[in-house]
Amino acid sequence: MLDSHALLTQAERQCHKHGARFTPIRRRVLEMIATSPGGLKAYDLLDRLATEHASARPPTIYRALEFLIEQGLVHRIESLNAYVACPCPEHAHGFQLLICRSCGRVEELHLDDVNEQLTQVARQQGYRIERQTIELLGLCTSCTEQASA
């Protein structure tokens, strides 16, 4: 699990550096995502936020998520339609996500050579990559050990 305090401090610095407003709602959404062991869906976030802010509605969550994604603080897990905190938002390159199909744990990898190879192949085929999402679904070590026991 991520150190949510360190992640929030880093997010504040990054937003300040880019002149972006890190509002209390955006901060709280990032904190909820960062303290979750796996990805959270938007409506799960809304349910949690609504207990603290009665005025929270779907657009509140989606605007916060859009901001957090633009700042590189959160990634969308396409296959699960869920969101996970980025442990290293200063890393401007592509990433890969390891997703445990049993417990939902998500780990982020940065294999830049993989991304570059895919980009080169796409260029050779006449494509210009705009977004790249690589998700690897399987079992984490803990779940593999439990399944073997």
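Here, every reference points to the structure presented above.
What this report covers is the structure whose coordinates are included nearby. (Residues numbered from 1 in each chain as written. Predicted model: local features only at pLDDT ≥ 70, side-chain atom pairs only at ≥ 80, totals over all residues. Heavy atoms only, no water.)

Let's talk about the environment of P24
Right, on to step 1. If you trace the backbone, P24 turns up in helix α2 (residues 24-34).
Right, on to step 2. Assessed through its relative accessible area of 66%, P24 is described here as exposed.
Right, on to step 3. Between the alpha carbons of P24 and P59 there is a distance of 16 Å; along the sequence they are 35 residues apart. (Helix = DSSP H or I, 4+ residues; strand = E, 2+ residues; numbered from the N terminus. Buried < 20%, exposed > 50% of the residue type's maximum accessible area, 1.4 Å probe, protein only.)

Description of the nonpolar core
Right, on to step 1. F22, V29, L30 and I33 are the most contacted members of the largest nonpolar core, which totals 26 residues.
Right, on to step 2. When residues of this core are traced back to their parent elements, those giving at least two are α1 (4-17), α2, α3 (42-50), α4 (58-70) and β2 (82-85).
Right, on to step 3. Sequence-distant contacts of F22, that is, excluding residues within four places in its chain, are made with L8, A11, E12, C15, R27, L30, F67, L68 and L73. (Core = buried A, V, L, I, M, F, W, Y, C linked by side-chain atoms within 4.5 Å. Contact = heavy atoms within 4.5 Å.)

Quick word on the packing of α2 against α3
Right, on to step 1. At a minimum axis distance of 11 Å, the contact between α2 and α3 shows a crossing angle of 120°. Two packed elements cross with a definite hand, and for α2 against α3 that hand is right-handed. Listed contacts from α3 to I25, R28, V29, M32 and I33 of α2 are L45, R48 and L49.
Right, on to step 2. Of the residues assigned to the contact of α2 with α3, the class counts are six nonpolar, no polar and two charged. (Axes fitted to C-alpha atoms, helices over the stretch in contact; angles between N-to-C directions. Left-handed = near helix turned anticlockwise from the far one by under 90°. Nonpolar A, V, L, I, M, F, W, Y, C, P; charged D, E, K, R; others polar.)

Focus on the environment of R57
Right, on to step 1. Within the secondary structure layout, R57 lies in the loop between α3 and α4.
Right, on to step 2. A sequence separation of 10 residues divides R57 from F67, and the C-alpha atoms of the two residues are 16 Å apart.
Right, on to step 3. At a separation of 3.2 Å, a polar atom in the side chain of R57 contacts the main-chain carbonyl oxygen of A54. (Polar contact = N/O pair within 3.5 Å; in protein donor to acceptor, adjacent residues only side chain to side chain.)

Observations regarding the pairing of strand β3 (residues 96-100)
Right, on to step 1. Most of β3 sits inside the fold, with four of its five residues counted as buried.
Right, on to step 2. By the bridge criterion, four bridges tie β3 to strand β4 (residues 106-109) in an arrangement that is antiparallel. Opposite L97, over in β4, you have E108 as the bridge partner.
Right, on to step 3. Once β3 ends, the chain turns through five residues before running back antiparallel as β4, passing G104 with a positive phi of about 85°.
Right, on to step 4. Relative to strand β5 (residues 134-138), β3 runs parallel, the two sharing five bridges. Bridging across to β5, L98 finds its partner in L136. (Pairing = 2+ DSSP bridges.)

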